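# Tertiary structure, described
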Amino acid sequence: MKRLRVDLKQAESKEELCQSNSQVVSLRDSDQIQIMDAKGENSLTMFPAEFRENIDLVIEILMRLPTKSLMRFKCVSKEWSSLISCRYFCNRLFTTLTRRQPRLYMCLVDKAGHRLLLSISSPDNTSFVVVDQDLSIPGMGGYFLNVVRALMCFSLGQNKACIYNPSTKQLLTLPPLKSDIKAERGQKKLHTQYYIGHDPVSDQYKLVCTVGISSLLPRLGNLRSEHWVFALEAGGSWKKVAPLENYLHHAPAPLGRSTSGSVVRYIAWPDNYNCVVVSFDIRSELFTIIPVPREIFAGQDVPAVTMRADLIEYGGKIAIFHHTYLKDEGSADVWVFEDVGKKKNEWSKKTLFLQTCQRHLVQDTELMVRGTTQDGKVILAPVEMHSRFYILYYDLESNDLTKVEIKGVPLPWLHKKCYFDLNYMGDSESFIYLET
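Residues numbered from 1 in each chain as written. Predicted model: local features only at pLDDT ≥ 70, side-chain atom pairs only at ≥ 80, totals over all residues. Heavy atoms only, no water.

As annotated in an unreviewed UniProt entry, the chain carries the name F-box/LRR-repeat protein At2g40920-like and is attributed to Camelina sativa.

The structure is reproduced here in structure tokens:
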């Protein structure tokens, strides 16, 4: 077994080179132990016979190592790299590590375009959380959109996106998207939105992009939209998705997204005063548009730009958390979608009133929904943050609001206004490998 020994210092020096060259996703179809090199040849035969006979034991040992050590071992040789990055090993590692406590990640972007990605741990004292690691790397991207398993999706301007694994610090920049719809005179291109999803049956990751064009005045007038999908696999490329006959052109909301299983959902606006829930099935690549009842806005014409209605999961169902009047009136509505059949879909309503002693937590503050925790609490945060970073956990069942301070944010960020996004990842140590 002497030939299996490695110079860890040399392996560590190669680690950054292996990560910086990540350009193409390698996601193999088989769930068996098929360890192939870059040329598609079986790398397992390159190991000694005693290694091959004890492959299961070797994998069990590797699974107990931290992610950083696995990345170092990948740089030892092509054979070790193929073993650690094969689909069988990654899935075994994922199913084992998902039992860990989820971690909170925060992305900050200031007005100058500087960005920061922080990992946050939760101490026993629930009144604050602590930043424990800076995971930023060059080229990481702009806004932190959503996550699936261990992968984060960032936007790079209007036409590009990147995928990032904070555990391995590997980055994949996708090819630029060339939309078919062009802005005409008096029109502008809406912010392009990217969403990442995972199909557990085929074990495939896909990125779906929604692009919209509308007139400047009236707002969202003459609206047109289209959709593209990118399969995260070697040789992947953007493919346009053909809409169904009853398709409704819409503008995706910058927030209000949810990924559950192989379905990506987001809130969108077909015009300036009506919203819908758009559902995209990662496996079939089909869109479904669910109308939102006008009653959700209490019969008032509230424009999209001022509406505070975000998509959440509530009791295992999709729901809309309507908190437009939370700041002024201390009330919010939860509309739960009841899927009772193909021809009849219903929404049920639940109204919440903040406790008097907690009204001060939301007064004079514009809040945005930043997702939900594993136990169903809604995460609320100010639209812009400076001086002190904090979030609010809203327990919809007990109607209780808790303020949680975020400690350890680097000092330069405490004295400037910035945009930030938050998300929980229950599988933050998953070793999904982006291979060159």
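The structure having been displayed, the exposition proceeds.
### Let's talk about the overall build of the chain
What counts, and what does not: Going along the chain from the N terminus, every DSSP run of H or I of four or more residues is numbered as a helix, and every run of E of two or more is numbered as a strand. Burial classification: accessible surface area is computed with a 1.4 Å probe over protein chains only, and a residue below 20% of its type maximum counts as buried, one above 50% as exposed, and the rest as partly exposed. Only heavy atoms matter for contacts: two residues are in contact if any of them lie within 4.5 Å across the pair.
Looking only at helices and strands, the chain features seven helices and 25 strands. Counting across all 436 residues of the chain, residues that qualify as buried make up 53%. Contacts in the chain between residues at least 24 apart in sequence constitute 57% of all its contacts with a sequence separation of at least 6.

### Re helix 3 (residues 55–62)
One turn of the α-helix equals 3.6 residues, which is why residues spaced by three or four share an orientation. Rules: By definition, the arc is the one covered by directions from the helix axis to the C-beta atoms.
What helix 3 keeps buried is the set Ile55, Val58, Ile59 and Leu62. All buried residues of helix 3 fall inside an arc of 100° around its axis, so they share one side.

### Some remarks on the sheet that holds strand 3 (residues 128–134)
Applied cut-off: Here, strands pair whenever DSSP counts at least two bridges between them. Working convention: axes come from line fits to C-alpha atoms, limited for helices to the stretch in contact. Angles between N-to-C directions cover 0 to 180 degrees.
Ordered in space as 21-22-23-24-3-2-1-25, the eight strands form an open sheet in which the pairing is mixed. Single-partner strands in this sheet number two, and they are strand 21 (367–372) and strand 25 (418–425). When the angles between neighbouring strand axes are averaged without regard to direction, this sheet yields 30°. Taken together, the six bridges between strand 23 (residues 390–395) and strand 24 (residues 400–407) define a ladder with antiparallel strand orientation. What sits directly across from aspartate 395, in strand 24, is aspartate 400.

### Topic: the pairing of strand 16 (residues 287–291)
Moving residue by residue along a regular strand, the side chains alternate between the two faces of the sheet. As paired elements, strand 15 (residues 274–281) and strand 16 share five bridges and run antiparallel to each other. Counterpart to valine 278 in the pairing with strand 16 is isoleucine 289.

### As for the pairing of strand 12 (residues 238–241)
The pairing of strand 11 (residues 224–231) with strand 12 spans four bridges and is antiparallel. From the neighbouring strand, phenylalanine 230 faces strand 12, where its bridge partner is tryptophan 238. As consecutive antiparallel partners, strand 11 and strand 12 are separated by six residues, and within that stretch glycine 235 has a phi angle of approximately 80°, a positive value.

### Let's talk about the nonpolar core
Selection criterion: Here, nonpolar core means buried Ala, Val, Leu, Ile, Met, Phe, Trp, Tyr and Cys residues that are tied together by side-chain atoms lying within 4.5 Å of each other.
Counting 44 residues, the largest nonpolar core has Met106, Phe321 and Leu380 as the members making the most contacts within it. In terms of residue count, strand 23 provides more of this core than any other element does, five residues in total. Sequence-distant contacts of leucine 380, defined by excluding residues within four places in its chain, comprise Phe321, Leu326, Leu367, Met368, Val369, Ile391, Leu392, Tyr394 and Leu401.

### Some remarks on the side chain of aspartate 110
Condition: What qualifies as a polar contact is a pair of N or O atoms within 3.5 Å, subject to a donor-acceptor requirement within protein and to the restriction that residues adjacent in sequence count only when both atoms come from side chains.
Following the sequence through the fold, aspartate 110 ends up in strand 1 (residues 103–110). Among the polar contacts made by the side chain of aspartate 110, one reaches the main-chain amide nitrogen of alanine 112 at a distance of 3.0 Å. At a separation of 2.8 Å, a polar atom in the side chain of aspartate 110 contacts the side chain of lysine 416. Setting aside residues up to four positions removed in sequence, aspartate 110 forms contacts with Trp413, Lys416, Lys417 and Cys418.

### Looking at the state of the cysteines
Short version of the rule: In this description, a disulfide is simply a cysteine sulfur pair whose atoms lie within 2.5 Å.
If you walk through the whole model with that rule in mind, you get zero disulfides. As a non-bridged cysteine, cysteine 162 has cysteine 153 as the owner of its nearest cysteine sulfur, 7.3 Å distant. Note on cysteine 418: no disulfide assigned, nearest cysteine sulfur contributed by cysteine 107 at a separation of 9.8 Å.

### Some details on the pattern of salt bridges
Stated precisely, the cut-off is as follows: By convention in these notes, a salt bridge is any Lys or Arg side-chain nitrogen within 4 Å of a carboxyl oxygen on Asp or Glu.
Within the structure shown, the criterion is met by ten salt bridges. The residue lysine 240 makes a salt bridge to glutamate 226 at a minimum N-O spacing of 3.3 Å. Of the two residues, lysine 240 is situated in strand 12 and glutamate 226 in strand 11; the sequence distance between them amounts to 14 residues. With relative accessibility at 41%, the residue lysine 240 sits in the partly exposed group.

### Some remarks on unusual backbone geometry
Of note in the backbone geometry, asparagine 222 takes a positive phi value of approximately 50° without being a glycine. Overall, asparagine 222 belongs to the exposed group, its relative accessible area being 53%. Despite not being glycine, glutamate 285 shows a phi value in the positive range, around 60°. Take glutamate 285: it is sitting in the loop between strand 15 and strand 16.

### Some thoughts on the confidence of the model for the chain
Using the following cut-off: Scored between 0 and 100, pLDDT is the confidence that the predictor attaches to each residue.
Confidence in the prediction for the chain averages 77 pLDDT; 76% of positions are at 70 or higher. Across the chain, element-level confidence peaks in strand 12 with a mean pLDDT of 94 and bottoms out in helix 1 (residues 8–20) with 38. With pLDDT under 50 throughout, residues 1–43 is counted as low confidence; its partners more than four residues away or in other chains account for 82 contacts.

### Considering the environment of glutamate 60
Considering the arrangement of structural elements, one finds glutamate 60 in helix 3. Note: C-alpha distance between glutamate 60 and phenylalanine 89 (29 residues apart in sequence) is 9.5 Å.

### Focus on the packing of aromatic side chains
Here is the rule: Stacked, tilted and edge-to-face are the three classes applied to pairs of Phe, Tyr and Trp rings, where Trp contributes its six-membered ring and a pair requires centres within 6.5 Å; stacked means planes under 30 degrees apart, edge-to-face means over 60, and tilted covers the rest.
According to the stated counting rule, one finds eight aromatic pairs in the structure shown. For the ring pair phenylalanine 337 and tryptophan 347, a centre distance of 5.1 Å and an interplane angle of 55° mean the geometry is tilted. Of this pair, phenylalanine 337 sits in strand 19 (residues 331–339) while tryptophan 347 sits in strand 20 (residues 345–353), and the two are ten residues apart along the sequence. With respect to class, phenylalanine 337 is no different from tryptophan 347; both count as buried.

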